[in-house]
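# Architecture at a glance
Chain by chain, the residues run as shown.
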Amino acid sequence: MTDELVPDGTLAAAARLLARRVGLRLDPAIRGRLSRCVAEEATAHRVDAADYVGRLDEDPALLQDLLNRVTVQETSFFRDPGQFAALRTVLPEVTSPLTIWSAGCANGQEPYSLAMTLADAGVPAWQIVATDLSTRALSRTRKARYAERELRGLDDGTRDRHLFRVGSEWQVTDALRTRVEARHHNLVAEPPPFEPGTCDVVFCRNVLIYFRQEDVVAFLERLALWMRPGAWLFLGYSESLWQVTDRFQLVRVGDSFVYRHRDPHERPAQVALDRQPATRNQNRRPRPAPAPRAPRPRPDRPHVTFGRTGADSAPDGPKVEGGGVKELLAAGEAAMNEADYPLAVATFRKAAYIDPDQPVAHLHLGLALEAAGEAASARRAFGAARAGLDRSGTAAVEAVLEGYHVDELVRLLDAKLGASA
Ligand SMILES: C[S@@+](CC[C@H](N)C(=O)[O-])C[C@H]1O[C@@H](n2cnc3c(N)ncnc32)[C@H](O)[C@@H]1O
């Protein structure tokens, strides 16, 4: 028994079930929440936690109630506004009638922001398919009624065009509501909710970050089969497909980064609207050298961010500024010390997701993958660390290393890359 509300074995059984059924990964941030939800649901059903968890797999209603409690509906209207600007930019390229899938739509602010964008842009024929695992979130989406404090992100003009007051709340107009179809859908277990080739834009933001790596990969493979080449995939600001799949190409549209389904017959350069600058020294030959111990992130320093990370990323998940990545690196190290390599891989992978340009995260991921016997993936991670080093500059990287110099990191990476070449 830990200091948590549910015995360790019972919590582990609940976590295994949720991982298998809905892809949820039990990291430290989720652990406390799951423990509390299991304890509360068991009490509500007047059974002890072990009996309650034992019944979950066989009782869909019981499981759904738990999912309604465990899932996080953090969202807002026009969250990450640059992505909506990017959507406006690509609208002339998409086919008509236009279907947009809002996957993991939470309480509806995302699909209604999409609906407002299309209506205001004068797109003639469109529909939004909004899906979520939580039936509670779906009924809120269908109702489309929000308290004043839930209107965060909406400017007055947009609000007054598309919502009207009902007492102390605001109701989305029927003109939009009837074009947003809310459906129950499990991203981990079901095919996309549209006919293959009929959906040009998918918003799947701040959802994959909670999944196990294998579920992320399987989901993206299914999605790639369903989307036509050239279709657009919007992920959360802190989510990255780096090292996860090459089915989608990262392109820059205005100030945002968007993924585009890669046509296997098309040269990558033809796909990008405005690509990131090429990485310097990508083809540098690795130099064999003795391998020092892996540098550790300096625990007492604020985390230095690179590239796309920012204070407003993943407000419902681990925070990037102020220690989210640092904590993940520390948790990953603890898992390595316990020889729990799958957990270490998952934890470091999350750190690399959140801060894709941070070489230290990729380095540790590579070491964990190596320890787990996944040599090819480890090599990719070391390559990512090396490319990140080339991009980031030495001062920024040394700020997170504990008494090590970038040169040592370079030697270690070159040794790893040289040894596995
Ligand atoms: C943090 S919210 C993101 C909301 C919105 N996409 C945004 O970025 O503002 C994550 C949502 O994903 C949903 N979700 C989690 N696991 C899911 C799964 N396996 N299938 C479908 N939805 C899931 C949760 O219920 C929750 O509403």
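Residues numbered from 1 in each chain as written. Predicted model: local features only at pLDDT ≥ 70, side-chain atom pairs only at ≥ 80, totals over all residues.

## What to know about the overall build of the protein
- Helices and strands together make up the secondary structure of the protein, namely 17 helices and ten strands.
- Every one of the 421 residues in the protein was classed for burial, and the buried ones make up 42%.
- Look at the contacts in the protein between residues 6 or more apart in sequence, and 72% of them connect residues 24 or more apart. (Helix = DSSP H or I, 4+ residues; strand = E, 2+ residues; numbered from the N terminus. Buried ≥ 20, exposed ≤ 12 C-beta atoms within 10 Å, placed from the backbone. Contact = placed C-beta atoms within 7 Å.)

## A few points about the packing of helix α2 (residues 28–44) against helix α3 (residues 49–56)
- It is the contact of α2 with α3, at a shortest axis distance of 9 Å, that shows an interaxial angle of 95°. Judged on the interaxial angle alone, α3 and α2 are roughly perpendicular. Note on element contacts: α3 touches α2 through A49, Y52 and V53, opposite V38, A39, E41 and A42.
- Each residue belonging to the contact of α2 with α3 can be placed in one class, and the counts come to six nonpolar, no polar and one charged. (Axes fitted to C-alpha atoms, helices over the stretch in contact; angles between N-to-C directions. Parallel < 35°, antiparallel > 145°, perpendicular 65-115°, else oblique. Nonpolar A, V, L, I, M, F, W, Y, C, P; charged D, E, K, R; others polar.)

## Quick word on the site of the ligand
- Lining the immediate environment of the ligand, one finds 25 residues, of which T71, T75, G104, A106 and R205 sit closest.
- In terms of residue class, the shell around the ligand is made up of nine nonpolar, ten polar and six charged. (Near = placed C-beta within 6 Å.)

## Observations concerning helix α6 (residues 109–121)
- Taking 1.5 Å of rise per residue, the 13 residues of α6 would be expected to cover 18 Å, and the 18 Å separating its terminal C-alpha atoms lies within 8% of that figure.
- For α6, the buried fraction is high: ten of the 13 residues fall into the buried class.
- Buried within α6 are the following residues: Q109, E110, P111, Y112, S113, L114, A115, M116, T117 and L118.
- One or two residues past the end of α6 sits G122, with phi positive at roughly 75°. (Expected span 1.5 Å × (residues − 1).)

## Concerning the pairing of strand β1 (residues 98–103)
- Across the six residues of β1, five count as buried, placing the element largely inside the fold.
- Sheet topology places β1 next to strand β2 (residues 126–132); six bridges connect them, and they run parallel. When the sheet's bridge partners are listed, S102 is paired in β2 with A130.
- The parallel pair β1 and β2, bridged by α6, forms a crossover whose chirality is right-handed.
- Of the pairings in the sheet, the one linking β1 to strand β7 (residues 201–204) comprises three bridges and is parallel in character. The residue bridging I100 from the neighbouring strand is V201, located in β7. (Pairing = 2+ DSSP bridges. Right-handed = clockwise from strand over helix to strand, strands pointing away.)

## A short note on the nonpolar core
- Counting residues in each nonpolar core, the largest one holds 108 residues, and the members touching the most others are V38 and V202.
- Here this core gets nine residues from one element, more than from any other, and that element is helix α13 (residues 341–354).
- Residues within four places of V202 in sequence aside, it is in contact with W101, A103, L223, M227, L233 and F234. (Core = buried A, V, L, I, M, F, W, Y, C linked by C-beta atoms within 7 Å.)

## A few points about the sheet that holds strand β4 (residues 163–166)
- Overall, antiparallel pairing links the three strands, which are arranged β3-β5-β4 in an open sheet. One side of each edge strand has no neighbouring strand; the edge strands of this open sheet are β3 (145–147) and β4. The mean inter-strand angle of the sheet, taken between neighbouring strand axes irrespective of direction, is 35°.
- Note that β4 and strand β5 (residues 169–172) share four bridges and pair antiparallel. Each residue of the ladder has a partner; that of L163, found in β5, is V172.

## Digging into the confidence of the model for the protein
- A residue-level look at the protein finds 80% of positions with pLDDT of 70 or above and a mean pLDDT of 81.
- Across residues 267–323, confidence stays below pLDDT 50; counting only partners more than four residues off in sequence or on other chains, it has 117 contacts. (pLDDT = per-residue confidence, 0-100.)

## Quick word on unusual backbone geometry
- The omega angle of the peptide bond from S96 to P97 is -5°, so this bond is cis rather than trans.
- Topologically, P97 is positioned in the loop between α5 (81–90) and β1.
- Phi at D80 takes a positive value of approximately 55°, unusual for a residue other than glycine.
- Counting through the fold element by element, D80 comes out in the loop between α4 (60–70) and α5.
- In this structure D80 comes out as buried when scored by C-beta crowding, with 21 C-beta atoms within 10 Å.

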